[in-house]
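# Summary of structural features
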Amino acid sequence: DTVYIAKESDALEPRVAASPDTVKRMTALGLDVIVQKGAGAGSQISDEAFQAAGARIGTAADAKKADVVLRVRRPSDTDIKSLKAGAIVLAQMDPYGNEPALAALAKAGVTAFAMELMPRITRAQSMDVLSSQANLAGYQAVIEAAHSFGRAMPMMMTAAGTVAAAKVFVMGAGVAGLQAIATARRLGAAVSATDVRPAAKEQVASLGAKFIAVEDDEFKAAETAGGYAKEMSKEYQAKQAALVADHISKQDIVVTTALIPGRPAPRLISRDMLKGMKPGSVAVDLAVERGGNIEGARPGETVVIDGVTVIGLLNLPGRIAASASLLYAKNLYTFLETMVDKESGSVKVNMDDELVKATALTHAGAIVHPAFGGQTS
Ligand code: NAD
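In short, a report on the structure. What you see is a predicted model; the values in this text were computed from it and never measured. (Residues numbered from 1 in each chain as written. Predicted model: local features only at pLDDT ≥ 70, side-chain atom pairs only at ≥ 80, totals over all residues. Heavy atoms only, no water.)

### Notes on the pattern of salt bridges
Applying the stated criterion across every chain, the model contains 22 salt bridges. The residue D47 makes a salt bridge to K37 at a minimum N-O spacing of 3.8 Å. Of this pair, D47 sits in helix 2 (residues 47-52) while K37 sits in the loop between strand 2 (32-36) and helix 2, and the two are 10 residues apart along the sequence. Where E223 meets R197, a salt bridge forms, and the shortest distance between an N and an O atom there is 3.2 Å. In this pair, E223 sits in the loop between helix 8 (217-220) and helix 9 (234-248) while R197 sits in the loop between strand 10 (190-194) and helix 7 (199-206), placing the two residues 26 residues apart along the sequence. Among the residues examined, E223 registers a relative accessible area of 32% and is labelled partly exposed. Ionic contacts of the salt-bridge type, sharing partners, join the residues E13, R15 and R73 into one network. (Salt bridge = Lys/Arg side-chain N within 4 Å of Asp/Glu carboxyl O. Helix = DSSP H or I, 4+ residues; strand = E, 2+ residues; numbered from the N terminus. Buried < 20%, exposed > 50% of the residue type's maximum accessible area, 1.4 Å probe, protein only.)

### Points about the site of the ligand
The immediate surroundings of the ligand are formed by 21 residues, with R120, S131, V175, D195 and R197 found nearest. A distance of 2.5 Å separates an oxygen atom of the ligand from a polar side-chain atom of R120. At 3.2 Å, a backbone N or O of G227 approaches an oxygen atom of the ligand. Taken by itself the ligand offers 830 Å² of open surface, and the protein chains cover 84% of this. Counted by class, the shell around the ligand contains 10 nonpolar, 7 polar and 4 charged residues. (Near = heavy atom within 4 Å. Polar contact = N/O pair within 3.5 Å; in protein donor to acceptor, adjacent residues only side chain to side chain. Areas by Shrake-Rupley, 256 points an atom, 1.4 Å probe, with all protein chains shown as cover. Nonpolar A, V, L, I, M, F, W, Y, C, P; charged D, E, K, R; others polar.)

### Overview of the sheet that holds strand 19 (residues 366-367)
Pairing in this open sheet of 8 strands is mixed, and the strands run 3-2-1-4-5-6-18-19 from one edge to the other. If you trace the sheet from one side to the other, it starts and ends with strand 3 (56-58) and strand 19, each paired once. The sheet contacts of helix 1 (residues 20-28) involve strand 1 (2-5), strand 2 and strand 4 (68-73), and relative to strand 2 the element is tilted by about 150°. (Pairing = 2+ DSSP bridges. Contact = heavy atoms within 4.5 Å. Axes fitted to C-alpha atoms, helices over the stretch in contact; angles between N-to-C directions.)

### Focus: unusual backbone geometry
With a phi angle near 45°, D94 is a residue other than glycine that sits in the positive phi range. Tracing the chain through its elements places D94 in the loop between strand 5 (88-92) and helix 4 (99-107). D94 gets classed as partly exposed once you look at its relative accessible area, which sits at 47%. Positioned with a positive phi, N315 is a non-glycine residue whose angle comes to about 50°. Relative to the assigned elements, N315 resides in the loop between strand 15 (308-311) and helix 11 (321-337).

### Quick word on the pairing of strand 5
The buried fraction of strand 5 amounts to 5 of the 5 residues, a majority that puts the element mostly inside the structure. Every second residue of strand 5 is oriented toward a common face, with I88, L90 and Q92 on one face and V89 and A91 on the other, all of them buried. Note: strand 4 against strand 5, 4 bridges, orientation parallel. Looking at the pairing, V69 lines up with V89 of strand 5. Both strand 5 and strand 6 (residues 111-114) contribute to a ladder of 4 bridges, which runs parallel. Looking at strand 6, one finds that V89 is bridged to A112.

### Some remarks on the nonpolar core
By size, the foremost hydrophobic cluster in this structure holds 39 residues, and its most contacted members are I5, M26, L70, L90, F113, F335 and L336. Elements represented by at least two residues in this core include exactly strand 1, helix 1, strand 2, strand 4, strand 5, helix 11 and helix 12 (354-359). Per-element accounting of this core gives the leading share, 5 residues, to helix 11. When residues no more than four places from it in sequence are discounted, the contact partners of L90 are V69, L70, R71, F113, M115, L332, F335, L336 and M339. If you look at the next biggest cluster of nonpolar residues, it comprises 36 residues, including A137, A189, A200 and A213. (Core = buried A, V, L, I, M, F, W, Y, C linked by side-chain atoms within 4.5 Å.)

### What about the pairing of strand 10?
Counting buried positions over the 5 residues of strand 10 gives 4, a clear majority of the element. Where strand 9 (residues 167-171) meets strand 10, 5 bridges bridge the pair, whose relative direction is parallel. Counterpart to V168 in the pairing with strand 10 is V191. As a crossover connection, the stretch from strand 9 through helix 6 (residues 175-186) into strand 10 is right-handed. (Right-handed = clockwise from strand over helix to strand, strands pointing away.)

In C-alpha cells:
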C-alpha cells in the first residue's frame, strides 16, 4: 500500500507528519512512501533526506494514489477532494466544534483518525501526540518568556554586581507545565507552580519547584478517573484567585497551561492581577486557543497590558518544528504500524481495536465516533 506525506496547506504550520526515520520504518514494513515536494522544509528535512530514507518525492496530485495520508492538521476542503475513497487519514483533526468538516470527511469516504483522541493508556503512550507536543510547548513557552524578559534568568554574582534569579510561576502542572518548570529550573530561575490536582504536588516538588495551592476538600477530589482536572466551583476559584493575586505580585514570569477537557480554559489571571505584577514582567498563556487563562491575552499576539508583556503565541511546538515533527512523526508511525499486515505490506483497519474506536471519526461514508453522533456498535 501507498503512504502519502502531505505538505501542510496551512502556511502557518511548519511541522510535517513524517521524518526520515519513520519513512525508513514504513518502507521496511513494505509500504511505498510518497512525500509531497517541500513537505519537510519547515522542519529542516530536505526532499533529498526523505529520498535517501526510501521515499519518492511527489506532487499534490499523488495524494489520489494514497491508501494512507499522514498530516499534521485536518485536511482542508480542497485537500479532501484530492483523497481517494477508502483512504485512511491520520492527523490532529481538531474535531470539537468542527462537525461540518467531519461530515465532509465522511462524505469523501475516508477513514479519518483524530490523533489527539488517543487514549492515555500504557499501550498508546508512544502514540500520544498531545503529550509529545505539549511537552515541547512547555519548553518553548519558557524560551519565549526568557526572550521577552529583558533580564537574565539565573542569579549571577559578578565583580560588577549581582543579578537576582528570575521568579517563575507555572499555573497548571500537566505535561506542558511540568516541562515549563524543568526548563525554567535549567535556566536558573526560582520556580513555583500550582495545580488543582493533588497528584501534581509531588511531581512539582520532584522538579525542585515550590507547590502553591488551595488544598481544601475540593482540591483533594479534583482529579477525574482519567487523570484530568474537573472544573472547580466558584468558591474554590475565589480562594484560588486570592492566593494567586498575592503570589503573582512577586513574580517576574508566569506561564499558564490550565485546561479542562471539553470546557473553556479556566480564567486564572484577571486584569487586576496583571496590574499587580511588576512592570517588565512577562506572562505566557498556553491556553489562549481555548479561551485563555489570562484576561486580555490574544490568540497569536503579544500585547503589553499595564506594563506586563502578555504572550499569546499559537502553535508553540511549530516554533521548534524540527523537534516537534520528529516526535509527532514517530507518534503517527507507531499507530500506523498497528494497522499494517507485515506479510503483505497492506494496511487494514480493525474497527474493534480500542485505539481505533477511540480515534476513528469517520469510516465507510459515515461519522462513527460516538462523541460526534456516530452510532456505537
Ligand atoms: P491538560 O492539558 O488537560 O491540563 C493542564 C493542567 O492544568 C492539568 O495538570 C490540570 O490539572 C491543570 N488545571 C486545570 N484546571 C486548573 C485550575 N483551575 N487551576 C490550576 N490548574 C488547573 O492536562 P495534561 O497535561 O494533558 O495532563 C493531564 C493528566 O494526564 C496528568 O495527570 C498527566 O500526568 C496525565 N497524563 C497521562 C499520560 C499517560 O498515562 N499515558 C500521558 C499524558 C498525560
